[in-house]
Amino acid sequence: MVTRVLVDNGYSVNIFPLSTLNKLKVDYERIYKNSICIREFDGGGKDSVGDIVLELTIGPVEFTMEFQVLDVAVSYNLLLGRPWIHVAKAIPSTLHQVVKFE
């Protein structure tokens, strides 16, 4: 059971923090090494530890999803980005404010 899951349509990957992997006692042998660097909005980047494929159950629906494992300090336990949003056919709701430029 995982709490504090962030759904963010700005991310083109699903993120699984290494700290969450450790808490769930997932075997490191399930991580496939890769050479992917995840770029952030500010242009910085973080090298991926690797990718992992996991089964998720969200409500009554099951998903098989690929995640990039990152060794980062975050306030969430799991980030579901556009790959999950598209598979789930979800429509994330965000508050929009109209800004007028003159």
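Each value, and the rule that gives it
- Residues numbered from 1 in each chain as written.
- Predicted model: local features only at pLDDT ≥ 70, side-chain atom pairs only at ≥ 80, totals over all residues.
- Heavy atoms only, no water.
- Phe/Tyr/Trp six-rings, centres within 6.5 Å; stacked < 30°, edge-to-face > 60°.
- Helix = DSSP H or I, 4+ residues; strand = E, 2+ residues; numbered from the N terminus.
- Buried < 20%, exposed > 50% of the residue type's maximum accessible area, 1.4 Å probe, protein only.
- Pairing = 2+ DSSP bridges.

Caption draft 1: Structural context of the packing of aromatic side chains. Under the counting rule described, the total for this entry stands at two aromatic pairs. Between F16 and F67 the ring centres are 5.5 Å apart and the planes differ by 75°, which places this aromatic pair in the edge-to-face class. Of this pair, F16 sits in strand β2 (residues 15–17) while F67 sits in strand β6 (residues 61–70), and the two are 51 residues apart along the sequence. Of the residues examined, F67 reaches a relative accessible area of 0% and is grouped as buried. Look at F63 and W84: their rings are 5.7 Å apart centre to centre, the planes differ by 70°, and that puts the pair in the edge-to-face class. Of this pair, F63 sits in strand β6 while W84 is found in helix α2 (residues 82–88), placing the two residues 21 residues apart along the sequence.

Caption draft 2: Layout of unusual backbone geometry. Positioned with a positive phi, K25 is a non-glycine residue whose angle comes to about 55°. Checked against the element boundaries, K25 lands in the loop between α1 (18–23) and β3 (37–39). Take K25: its relative accessible area is 73%, and that puts it in the exposed class. Not every positive phi belongs to a glycine, and K89 is a case in point at roughly 55°.

Caption draft 3: Just the pairing of strand β5 (residues 50–58), in detail. As paired strands, β5 and β6 are joined by nine bridges and run antiparallel to one another. Directly across from V53, in β6, lies its bridge partner E66.

Caption draft 4: Molecular detail of the environment of I58. Looking at the secondary structure, you find I58 in strand β5. Given the relative accessible area of 34%, I58 is considered partly exposed. Distance in space between the C-alpha atoms of I58 and A88 is 9.8 Å, their sequence separation being 30 residues.

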